[in-house]
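Observations on the three-dimensional arrangement
One-letter residues, chain by chain:
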Amino acid sequence: MWLLLILFLPVVRGSPALMAVSDAVSGPVRGSLTVQCRYEPGWETYNKWWCQGAELKSCRILVQTDGSEREARGDRVSIKDNQKLRVFTVTMEELRWNNADTYWCGIERYGPDLGVKVKVTIDPVTEQCHYSPGWETFMKSWCPDADLDTCTIFVETTGSEFKHTSSSFSIHHGGTQASECRHIFVWD
């Protein structure tokens, strides 16, 4: 009996059923990113999924396959399983700042689902915004949404020529003048 246990343990520990090709990925705002998750033989016809949230047991499934190789689409996210290669690919499109989070590649099964954590970050973007003469001393604000009525302001100046930072955003007011920028708003 001891011989059987010794031979069995290395096999169980040495081959995870599911793994992400990378445990951290990033993409630019308004761009896209791709995540690949590999699985062991025997899981080909199981449903694969992609979910968002810090904990596997409470994450929100964003997209899921139906056990086939057909691509499934959700809101700005898709998943496609290649059962021959035993890898499924998740693509997130039109990335936004709030897409930075913990996600999970998963396989649905009886009992607790299999899942592997993937950290998604959004790459910094530099956008230069110019304004017309006369607006130099007015407060400027950055909002990633072009609709002023629904946007959340992430950072703003006091009207002076200083750099202001808030969480992961910064704005530098240097008195430059020229054309209008879609995501910066000037207040009086």
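The structure reproduced in this document is the subject of the present report. Just so it is clear, the structure is predicted and the values come from calculations on it, not from any experiment.

Once that is clear, we can look at the sheet that holds strand S9 (residues 101-107). One open sheet holds the five strands; their spatial order is S2-S10-S9-S4-S5, and the pairing between them is mixed. Of all strands in the sheet, those bounded by a partner on one side alone are strand S2 (24-28) and strand S5 (60-64). For this sheet, the mean inter-axis angle between neighbouring strands, taken without regard to orientation, is 30°. Relative to S9, strand S4 (residues 48-52) is paired through five bridges, and the arrangement is antiparallel. Following the sheet pairing, Lys-48 is matched in S9 by Ile-107.

To continue, consider the sheet that holds strand S8 (residues 87-92). On the basis of which strands lie adjacent, the open sheet formed by five strands has the order S1-S3-S8-S7-S6 and antiparallel pairing. Bordering the open sheet on either side are strand S1 (18-20) and strand S6 (72-73), each of which pairs with just one other strand. Here three bridges tie S1 to strand S3 (residues 33-39), and the two strands are oriented antiparallel to one another. When the bridges of S3 are listed, Leu-18 appears paired with Tyr-39.

With that settled, consider the environment of Gly-27. Examined against the element boundaries, Gly-27 turns out to sit in strand S2. Judged by its relative accessible area of 1%, Gly-27 falls in the buried class. Distance in space between the C-alpha atoms of Gly-27 and Arg-96 is 9.5 Å, their sequence separation being 69 residues. Not counting residues within four places of it along the chain, the set of residues in contact with Gly-27 comprises Ser-32, Leu-33, Leu-95, Thr-121, Ile-122 and Asp-123.

Our next topic: the nonpolar core. Leu-18, Val-35, Trp-50, Phe-88 and Cys-105 are the most contacted members of the largest nonpolar core, which has 27 residues in total. Of all elements in the fold, only S1, S3, strand S7 (77-82), S8, S9 and strand S10 (114-123) reach the threshold of two or more residues within this core. Of all the elements, S10 adds the most residues to this core, at five residues.

A few words on the pattern of salt bridges. Tallied over the full model, the rule gives four salt bridges. Residue Asp-81 pairs with Lys-48 through a salt bridge whose shortest N-O separation is 2.7 Å. One end of the pair, Asp-81, is in strand S7; the other, Lys-48, is in strand S4, and 33 residues separate them in sequence. This pair shows no difference in class: Asp-81 is buried, exactly as Lys-48 is. Between Glu-93 and Arg-73 there is a salt bridge, with the nearest N and O atoms lying 3.0 Å from each other. Taken together, the residues Glu-93 in the loop between S8 and S9 and Arg-73 in strand S6 connect sequence positions 20 residues apart. When its relative accessible area of 29% is taken as the criterion, Glu-93 is described as partly exposed.

Now for the side chain of Thr-65. Checked against the element boundaries, Thr-65 lands in the loop between S5 and S6. A polar contact is formed between the side chain of Thr-65 and the backbone nitrogen of Gly-67, at a distance of 3.5 Å. When near neighbours in sequence (up to four residues on either side) are disregarded, Thr-65 contacts Tyr-46, Asn-47, Lys-48, Ala-72, Ile-79 and Asp-81.

The next point concerns the state of the cysteines. Taken as a whole and judged by the stated rule, the model has two disulfides. The disulfide partner of Cys-37 is Cys-105, and the gap between their sulfur atoms is 1.6 Å. With Cys-37 in strand S3 and Cys-105 in strand S9, this pair connects stretches of sequence that are 68 residues apart. As far as the burial class goes, Cys-37 and Cys-105 line up, both buried. Paired through a disulfide, Cys-51 and Cys-59 show a sulfur-sulfur distance of 1.9 Å. One quick way to see it: the torsion about the S-S bond of Cys-51 and Cys-59 is about -75°, and its sign makes the bridge left-handed. A relative accessible area of 15% means that Cys-59 is categorised as buried.

So, how was this worked out
- Counting starts from 1 at the beginning of each chain's written sequence and moves along it residue by residue.
- In keeping with the predicted nature of the model, local features appear solely for residues at pLDDT of at least 70, side-chain atom pairs appear and are counted solely at 80 or more, and the whole-chain, interface and lining totals rest on all residues.
- Excluded from the side-chain calculations are hydrogens and water; all other atoms, namely the structure's heavy atoms, are used.
- Paired strands, as defined in this entry, are two strands with at least two bridges between them according to DSSP.
- Under the scheme used here, helices are H or I runs from DSSP no shorter than 4 residues and strands are E runs no shorter than 2 residues, and both carry numbers assigned from the N terminus.
- Under this scheme, a helix contributes an axis fitted over its contacting stretch, all axes are lines through C-alpha atoms, and angles between N-to-C directions fall in the 0 to 180 degree range.
- Accessibility here uses a 1.4 Å probe with only protein chains present; expressed as a share of the type maximum, an area under 20% marks a residue as buried, one over 50% as exposed, and anything in between as partly exposed.
- In what follows, residue pairs with any heavy atoms lying within 4.5 Å of each other are defined as contacts.
- Take the buried residues of types Ala, Val, Leu, Ile, Met, Phe, Trp, Tyr and Cys, join any two whose side-chain atoms come within 4.5 Å, and each joined set is a nonpolar core.
- Criterion for a salt bridge: a side-chain nitrogen of Lys or Arg within 4 Å of a carboxyl oxygen of Asp or Glu.
- Under the rule applied, a polar contact is a pair of N or O atoms within 3.5 Å (in protein, one hydrogen donor and one hydrogen acceptor; residues adjacent in sequence only if both atoms are side-chain atoms).
- Any cysteine sulfur atom paired with another within 2.5 Å is treated as part of a disulfide.

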